Each structure stands twice: as C-alpha cells, then as structure tokens.
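Summary of structural features
Each chain, written out:
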Amino acid sequence: MARFQSLRVKADWAVLLIVAHFTYLLVGAAIFQILEREAESNNRNHFQVEKLNFLSNYTCLDRQALEKFVQVILDAWEKGVNPSGNSTNPSNWDFSSSFFFAGTVVTTIGYGNLSPSTVSGQVFCVFYALCGIPLNLVFLKQLGKCLTIHLGRLEKGMFSVVPHKKMVEAVAVGLFFITGSLVFLVIPPLLFSYVEGWTFGEGFYFSFITLSTIGFGDYVVPTRARSTSPCTGALQAYGSSLPWLGSLLSSTWEPE
C-alpha cells in the first residue's frame, strides 16, 4: 500500500511538472508575441517603404529585378558574406574567427552568424562536434573539480582566521556574488559597449545569452570591420572565453 502511494505521488509530481513546463512555454510565447510582433510589423512596413522609394528614384529598375537583387543579398548574408563594401573586406574565416567558431561548436552555443558552407566543412563540423563536445565536457568537469578544491582550501583558511562558520559562509557568498557579477555581467558589457558601440543593456544581453549558452547570434563580436589592433584582439579573446565560462558555470553548479 505504501509503495502504491509512493508511485502515485511520483506520477502526480510528473504530471504537475509536465503541466508547469508547458504552461511556462505558453506564457513565454504569449509575452514574446506581445512584445515583438508590433516591432516586427513596423520594421517590415519600413522596409517596404524603402523599397518603393528606391524604385521611384531609380525608374530603370522594375520590382522583379529589385526582388532578385534582394534575394542575392540574403543568400550572401546567409553564407556569412558581408554585402556591404567590396571584395577587399576581411575574411570571416581568419584564424581568430575560426577559433571563435570552434569554441561555439564544442560548447554547443552556435550563434548562427558563421557556419561552414562547403560540404567538406559541414562534414568536418559534424565529426569535430562529435569528438569536441564530450572532450569539452570532460575538460570543464576537471576544471570544475580543481576550482572546487581551491575554493575549499580558501574556505578552510578563512575558518582558521574567523572561527564563526556562518560569518565565513556569508562573506564567501558575498565575495562570490560580487566577483561573479563584476567578471561576468559588469566588465564584459562595459568592454563591449566601448569597443563595439553597443549600449550597456545590449552588452549585458550579449554576455548573459553567451554565458547561458543560448547564443541567438543577433549580437556577436566583433561586429565592426576587423582590425589587427591589440584592443580588437583582446576583445576577440575575451568573447571566445565567454562560452567556456558559461559552460563551466553550468557544469559545476549543483543545487543542494
């Protein structure tokens, strides 16, 4: 009888969890629709007006020719080619960008702004991910263990100085919260807003989306024309490290 009641409680909990999960998805979908649909409609109308203005200024073009040219631009953009400028634009597949892409593959972020367009590149990407994702998980797990060991030593050292356990735990939590906020959610947005010209909110949004390994691809670094300056190189390196930081956080977090 007790076993039957236990199974019934587990079944009720599973049903409740399923209902809560889909309810959360439905509520999220409704809110996103309310927030984004009107802006999308305005942007679409603005684009159509710009196309009509372009056709009225250049009467030698007809609508069909313009639509065909727009499709060419969209195809180029989907293949990672910047439609602006000319053939002298920097390559999207220089070593730093390729390293950034490799990081997004093994951390399963996949921004979507850069992807292999050749068959050989796509085949290699599949096998590279099959081997790289487990290797990355093992690497992060080991890194998390080392981090836990050092944090434990630090906590023991604090206990030797301050005998009050609750005070030490409160100080440790406070330091962890302040340091984590600065390193992950304050310094990166300031850096990105300064170099990329984003607002602090956009930089914060990019940092959170990257650290949580969501990776929409609407914001990536660098967005401006690439250069070989130390500042741009440092930004590329910092942006490349964010996926690993996010994966490390998700792999080491164990709720009590």
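One can find the structure itself at the top, above this paragraph.
Read on for a plain summary of the structure.

Rules used throughout
Residues numbered from 1 in each chain as written. Predicted model: local features only at pLDDT ≥ 70, side-chain atom pairs only at ≥ 80, totals over all residues. Heavy atoms only, no water. Helix = DSSP H or I, 4+ residues; strand = E, 2+ residues; numbered from the N terminus. Buried < 20%, exposed > 50% of the residue type's maximum accessible area, 1.4 Å probe, protein only. Contact = heavy atoms within 4.5 Å. Salt bridge = Lys/Arg side-chain N within 4 Å of Asp/Glu carboxyl O. Patch = residues over 30% accessible without salt bridge, like charges linked within 9 Å, V, L, I, M, F, W, Y side chains within 5 Å. Areas by Shrake-Rupley, 256 points an atom, 1.4 Å probe, with all protein chains shown as cover. Core = buried A, V, L, I, M, F, W, Y, C linked by side-chain atoms within 4.5 Å. Expected span 1.5 Å × (residues − 1). Phe/Tyr/Trp six-rings, centres within 6.5 Å; stacked < 30°, edge-to-face > 60°. Polar contact = N/O pair within 3.5 Å; in protein donor to acceptor, adjacent residues only side chain to side chain.

As a further point, take the environment of S212. With respect to the element layout, S212 can be found in the loop between helix 6 (200–211) and helix 7 (230–252). Residue classification places S212 among the partly exposed positions, given a relative accessible area of 29%. The spacing of S212 and I109 is 103 residues in sequence and 8.8 Å in space, taken between C-alpha atoms.

A few words on the environment of T104. Structurally, the position occupied by T104 is in helix 3 (residues 95–106). With relative accessibility at 5%, the residue T104 sits in the buried group. The spatial distance from the C-alpha of T104 to the C-alpha of L114 is 9.9 Å, given a sequence separation of ten residues. The contacts of T104, once residues within four sequence positions are left out, are I109, G110 and Y111.

Quick look at the pattern of salt bridges now. The final tally for this structure, using the stated rule, is two salt bridges. Where E40 meets R44, a salt bridge forms, and the shortest distance between an N and an O atom there is 3.1 Å. Of this pair, E40 and R44 are both found in helix 1 (residues 2–57), four residues apart, which corresponds to roughly one turn of the helix. Among the salt bridges present, the one from E67 reaches K51, with a minimum N-O distance of 2.5 Å. Of this pair, E67 sits in helix 2 (residues 63–78) while K51 sits in helix 1, and the two are 16 residues apart along the sequence. What makes K51 buried here is its relative accessible area of 8%.

Among the surface-exposed residues, L190, F200, F204, F208, I214 and F216 lie close enough to one another that they form a single nonpolar patch of about 580 Å² accessible area. With respect to the helices, strands and loops of the structure, F216 is situated in the loop between helix 6 and helix 7. Since its relative accessible area comes to 52%, F216 is described here as exposed.

A separate point is unusual backbone geometry. Negative phi is the rule for most residues except glycine; trans is the rule for most peptide bonds. In this model, T108 sits at a positive phi of 60 degrees, which is unusual for a non-glycine residue. Positionally, T108 belongs in the loop between helix 3 and helix 4 (119–161). The class for T108 is partly exposed, based on a relative accessible area of 48%.

Let us now look at the nonpolar core. Counting eight residues, the largest nonpolar core consists of F100, I109, Y111, F192, W198, F206, V220 and V221. Within the second largest apolar cluster, five residues are counted, among which are F101, L114, C125 and A129.

For an α-helix, 3.6 residues make a turn, and residues three or four places apart therefore share a direction. The end-to-end C-alpha distance of helix 3 is 17 Å, a good match for the 16 Å that twelve residues give at a rise of 1.5 Å each. Phi for T108, located one or two positions after helix 3, is positive at around 60 degrees.

This paragraph deals with the packing of aromatic side chains. In total, this model carries ten aromatic pairs according to the counting rule given. Look at W93 and F101: their rings are 5.3 Å apart centre to centre, the planes differ by 75 degrees, and that puts the pair in the edge-to-face class. Classification of W93 by relative accessible area gives partly exposed; the value is 38%. For the pair F192 and W198, a centre-to-centre distance of 5.9 Å together with 55 degrees between the ring planes defines the contact as tilted. Accessibility expressed as a relative area gives 10% for W198, which makes it buried.

Glancing now at the side chain of K51. Among the polar contacts listed, one links the side chain of K51 to the side chain of E67, at a separation of 2.5 Å. Excluding its chain neighbours within four sequence positions, the residues that come into contact with K51 are L66 and E67.

So, about helix 2. Its 16 residues place the ends of helix 2 22 Å apart at the C-alpha level, agreeing with the 22 Å of an ideal helix rising 1.5 Å per residue. Directly after helix 2, the chain includes G80, whose backbone phi takes a positive value near 85 degrees.

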